[in-house]
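Structural features, examined
Here is how the chains run, residue by residue.
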Amino acid sequence: MDDALNGDGFDDEELSGEFSGDGLGDGGPDGGETTALEEELRQAAAVLDPMPPELLQIAVDAYALHDLEARVAELTFDSLVDALPVRGVTDAPRMLTFTAGEVTVDVEVTAEGLLGQLLPPGPAGVEVLSGPQPGTPVTVDEMGRFTADRPPSGPFALRLRTGSDVITTEWLRA
C-alpha cells in the first residue's frame, strides 16, 4: 500500500493532470487508474481511520427506526426559535410542540428531564430515543402526561404508539 501511495506506478504528471480538471469526475484520463486509486484510498482509510463501532450502531439503529407505517410529527413550535425572550429569565425550559394529524405532543425540556402531554389524551406508549441506546419507555397517565427523569444528551426524538398508529417526532438536539 505504501508503494502505491508513494507514487509507485504513478508519476507527478499523471497525478497533477488527474486533479487539474483533465479527468476529475470521469474516471481519469484512462478511466481505470482513478478507480483503482480510489479503492486503495478507501482501504487505507478503513485501516488507518476505521469507523467507530458506536457510529455504526447509531446508523444501524437509525435504519431500524425507519418504519414505513410511522407518521412523522412535525415540529410546529420551538421556544428557542418562536418565543420572545423574557427579561431576567436565564434558564427557561425549552418548549416544543409536535403535530401529526389530530395528535399533538407538547414537551418541556429541562435540566431535570422531559415533561410532556399527548393530546388528545388516551392510552399510548412513549419512548425517548437518544443516541445509540435503545429507546427509554416512559409511562403515560390517563390525561396523556408523561415524564422522563433524565434530560436527553445530544439528539433525541420521541416514538409514540397510540392504538394502531406509530408516530415519531423529528430529531432535535437538546
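See the structure above.
I will try to describe carefully the structure that is included in this document. As the structure is a prediction and not an experimental result, all values here were calculated from the model.

Helix and strand counts for the chain come out as five helices and ten strands. When burial is assessed residue by residue, the chain has 29% of its 174 residues classed as buried. A separation of at least 24 residues holds for 47% of the contacts in the chain among residues at least 6 apart in sequence. Working note: accessible area of the chain is about 11,600 Å², and carbon and sulfur atoms make up 56% of it.

Counting buried residues along strand 5 (residues 125-130), five of its six residues qualify, which places the element largely inside the surrounding structure. Bridge count between strand 5 and strand 8 (residues 155-162): six bridges; the pairing is antiparallel. The residue of strand 8 that forms the bridge with Leu129 is Ala157.

A few words now on the pattern of salt bridges. For the structure shown, the criterion picks out six salt bridges. Arg71 is the partner of Asp165 in a salt bridge, and the nearest nitrogen-oxygen pair spans 3.6 Å. Of this pair, Asp165 sits in strand 9 (residues 165-169) while Arg71 sits in strand 1 (residues 71-78), and the two are 94 residues apart along the sequence. With a relative accessible area of 33%, Asp165 lands in the partly exposed category. Residue Glu127 is joined to Arg161 by a salt bridge in which the shortest nitrogen-to-oxygen separation is 3.8 Å.

The next point concerns the nonpolar core. Ranked by size, the top nonpolar core spans 21 residues in total, and within it Val105, Val107, Phe146 and Leu158 carry the most contacts. Mapped onto this core, the elements with two or more residues apiece are strand 2 (94-100), strand 3 (103-109), strand 4 (114-119), strand 5, strand 7 (145-148) and strand 8. Per element, the largest residue contribution to this core is four residues, and it comes from strand 3. In contact with Val105, not counting residues within four places along its chain, are Leu96, Thr97, Phe98, Gln117, Leu118, Phe146, Leu158 and Leu160.

With respect to the helices, strands and loops of the structure, Thr162 is situated in strand 8. Contacts of Thr162, omitting those with residues within four sequence positions, involve Leu118, Pro123 and Ala124.

For the rest of this paragraph, the subject is a nonpolar patch on the surface. A contiguous nonpolar surface patch, about 460 Å² in accessible area, is contributed by Met51, Leu55, Leu56, Ile58 and Val60. Among the structural elements, Met51 can be located in the loop between helix 3 (33-48) and helix 4 (53-65).

Rules and cut-offs
- Residues numbered from 1 in each chain as written.
- Predicted model: local features only at pLDDT ≥ 70, side-chain atom pairs only at ≥ 80, totals over all residues.
- Heavy atoms only, no water.
- Helix = DSSP H or I, 4+ residues; strand = E, 2+ residues; numbered from the N terminus.
- Buried < 20%, exposed > 50% of the residue type's maximum accessible area, 1.4 Å probe, protein only.
- Contact = heavy atoms within 4.5 Å.
- Areas by Shrake-Rupley, 256 points an atom, 1.4 Å probe, with all protein chains shown as cover.
- Pairing = 2+ DSSP bridges.
- Salt bridge = Lys/Arg side-chain N within 4 Å of Asp/Glu carboxyl O.
- Core = buried A, V, L, I, M, F, W, Y, C linked by side-chain atoms within 4.5 Å.
- Patch = residues over 30% accessible without salt bridge, like charges linked within 9 Å, V, L, I, M, F, W, Y side chains within 5 Å.

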